[in-house]
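What the coordinates show
Residues per chain, in single letters:
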Amino acid sequence: MLEMKFDIVIIGNSAGAVGCIETIRSRDKDLSIAVISDEKYHTYSRALIPYYLAGKIDLEKMYYRPLDFYERMNITPLLGKKAVSIDFKNKKVKLDSAEEVGYDKLLIATGGKPFIPPMEGFDRNLDNVFSFVSLDDALEIEKILPISEKVVILGAGVIGLMAAEVLVEKGLEVHVVELADRVLAPVVDEGTSQLIEKAFEEHGVSIYTGLTIKKLNREENHVKSVVLTDGREINCDFMIVAVGVMPRVDLVKDTPVKVNRGILVNKKMETSVKDVYAAGDCAEIYDFITDDRRLLPLWPNAYYGGRIAAINMLGEEAEFEWGTSMNAMHFFDLYIINAGLNVTDEIAEKEGYEILSRFEPEKKVYRRIALKDELIKGLIFVGKVDRAGIYLNLMRRKIPVTEFRERLLDYDFGYTKLPESIRWNLLKNEVILGII
Amino acid sequence: MPKVVAKPEVCMGCHLCEVWCVVAHSNSKDIVKAFKYEKTPHPRIIVDENLPEVFAIQCRHCEEPDCVFACISGALYKDESGRVVHDESKCVGCLSCVMACPHGGIVIDLDNRKIVKCDLCEEIGFPVCVKMCPNEALIYEEG
Ligand SMILES: Cc1cc2nc3c(=O)[nH]c(=O)nc-3n(C[C@H](O)[C@H](O)[C@H](O)COP(=O)(O)OP(=O)(O)OC[C@H]3O[C@@H](n4cnc5c(N)ncnc54)[C@H](O)[C@@H]3O)c2cc1C
């Protein structure tokens, strides 16, 4: 049995891992680092799957960092190997190859795994039911595309809708089934859902809300049609299940590492076990808006969580005060950016949020900002998303909007709309004042 | 970190920095051709204006670049000189950087479904906005 030992071991080879690696190397060139992944590929971005399948980028552009990344960072990639258990006492990760990898500090960045709801007729042997989360999924779907005409997608969340867009643009007949009464319900408000539904409708995608799949009709290992909860039957050549991603925490189940829905970490990204950190989709992380931990499975949060873990591993202090829900999405020509809480009309009324909004349906432009205690708690911009980060900055810095609230919906909102004291404080290193 | 810094007290909002930014990033490098015969001009410097308050701002090439942390494609990265670089060939136009940039320094180019941002006029060798500002309201800090 082969034994190895590194100063830092990372399980996972994606956003969280790369955030950790790059941050360590920006401060230290000597520590030994190993990165373990059961996926055999060079670090790639799963968020690019829709762009790849749409033919907008080639396979090489799926790689998140150049091909000499591991070499340049001077790290040891252990790819195509699965971590099967962790011996926290002796600080060792055991791999399915029977190798053992010793660590001084460990980062768990194992990400998520797709959730598959119970459906009569479903089992893992089906050869035409796919997830939409890995490069292997993308390559399988790519293979089946030329011989397919109809697809059923279960789930109208961000991933399901991105899949629907790609496939309808590829000329397929696309049916999307969603249990909630509108698309993207956890992420956006009612008005935004309507704009998105309309865009899909205009492009010929059928969306069935308030329904789910009860049963799969199959011929051997092949799904031929699905039956919805209202009895309707839809034929398909293949199916994509995109109802959500769950934290991948099997590795630490029944270990001293505390897990709720995801691995619990503090603001330093430390788990309940010394020298063991977690970041990314596998973890429950701090949300500065809710002032509490929750699942925030998004690329920027994963990268930044890995970065904060790295700084603390090196003995410096840093806290994860940066993360909240934040999505930049687009469907056809509809661009959407949201951040913070998704304050729907219903929630606003029940929980006492003030909503500022501006809606121009004919231009497909919508801006909605939710305020509480004079702070921005959530925003959704549709159509005009320029400079949205300025608002996210105001949210992060907890700047009360009292003095400029009537400016918040201006399309050209910027720093000159803020009172001078706030403006120059926020930009103090970016401008030169006091010359006249 | 190299960056262009504004002096708001002497900016009069003439927008010439935007004009010359477009020229500097055009194919022809000719002011008339750039505006009249090339694709839609997208200045990478933004005159943030609420008169009489006005100043110009562009990518700050941040020490802690939120856009780089948010970029899903690897198109944005920090190079050895401290610049935040945008590799257009890798950009998929997801606009995660627009969501993340605290300065509003990322410009959306909808025609190409990508973003553009200040590159400190890498091709020319010196930021043209600084050179052409009639009021000397912009200065280049080489960092
Ligand atoms: C189609 C799609 C589009 C998306 N678009 C966006 C977007 O536009 N914006 C956004 O913010 N987010 C987006 N996301 C979400 C984003 O991709 C994730 O938040 C991000 O990938 C999380 O990174 P991570 O480092 O936590 O883990 P992951 O990317 O999930 O990677 C974890 C890695 O660890 C490996 N691993 C797990 N367990 C083990 C083990 N025991 N042993 C060895 N290896 C293991 C996995 O195989 C995987 O390679 C999208 C996701 C998908 C699927």
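Residues numbered from 1 in each chain as written. Chains lettered and ligands numbered in written order. Predicted model: local features only at pLDDT ≥ 70, side-chain atom pairs only at ≥ 80, totals over all residues. Heavy atoms only, no water.

Comments concerning the domain arrangement of chain A
Residues and elements named next belong to chain A. The test is simple: How far each domain reaches was decided by an automatic or database domain assignment. Here the quantity called buried area is the total loss of accessible area, with a 1.4 Å probe, experienced by two parts when brought into contact, counted for both. Salt bridges, as used here, are contacts in which a Lys or Arg side-chain nitrogen is within 4 Å of a carboxyl oxygen on Asp or Glu. Polar contact criterion, stated in full: a pair of N or O atoms within 3.5 Å, where within protein one must be able to donate a hydrogen and the other to accept it, and residues adjacent in sequence count only if both atoms are side-chain atoms. Residue classes follow a fixed rule: Ala, Val, Leu, Ile, Met, Phe, Trp, Tyr, Cys and Pro count as nonpolar, while Asp, Glu, Lys and Arg count as charged, and any other residue, Gly among them, counts as polar.
Along its sequence, chain A is carved into domain 1 (3-112 + 246-313), domain 2 (116-243) and domain 3 (341-427). Distance from the C-alpha centre of domain 1 to the C-alpha centre of domain 3: 34 Å. Where domain 1 abuts domain 3, roughly 440 Å² becomes buried across the two surfaces, and 72% of that area is made up of carbon and sulfur atoms. Interface area lost by domain 1 to domain 3 is led by F288, I289 and R294, which between them contribute 93%. Counting every contact that joins domain 1 to domain 3 gives zero salt bridges. At the junction of domain 1 with domain 3, the criterion picks out zero residue pairs in polar contact (both at pLDDT 80 or more). Along the lines of polarity and charge, the residues of the side of domain 1 that touches domain 3 split into two nonpolar, one polar and one charged.

Considering the packing of aromatic side chains
Residues and elements named next belong to chain A. In plain terms, the rule: Only Phe, Tyr and Trp rings are paired, with Trp represented by its six-membered ring, and only when their centres lie within 6.5 Å; those with planes under 30 degrees apart are stacked, over 60 edge-to-face, the remainder tilted. Only DSSP runs of H or I covering at least 4 residues are called helices, and only runs of E covering at least 2 are called strands; the numbering of each starts at the N terminus. Accessibility here uses a 1.4 Å probe with only protein chains present; expressed as a share of the type maximum, an area under 20% marks a residue as buried, one over 50% as exposed, and anything in between as partly exposed.
Under the defined criterion, the tally for this structure stands at 17 aromatic pairs over all chains. Pairing F130 with F238 gives two aromatic rings, centres 5.9 Å apart and planes at 70°, and the pair type is edge-to-face. Of this pair, F130 sits in strand β8 (residues 129-130) while F238 sits in strand β15 (residues 238-241), and the two are 108 residues apart along the sequence. For F130, a relative accessible area of 8% translates into the label buried.

Examining the pairing of strand β10 (residues 173-178) of chain A
All names here are of chain A. Just so we agree on the cut-off: Between any two strands, at least two bridges found by DSSP are needed for them to pair. Orient the strands so they point away from the viewer; a crossover is then right-handed if the path from the first strand over the helix to the second runs clockwise.
Counting buried positions along β10 yields five of six residues, so the element is predominantly enclosed. Across five bridges, the pairing between strand β9 (residues 150-154) and β10 is parallel. For I153, the partnering residue across the bridge sits in β10 and is V176. Where β10 meets strand β11 (residues 206-209), four bridges bridge the pair, whose relative direction is parallel. Bridging from a neighbouring strand, H175 pairs with S206 of β11. Read from β10 through helix α6 (residues 190-202) to β11, the crossover connection turns out right-handed.

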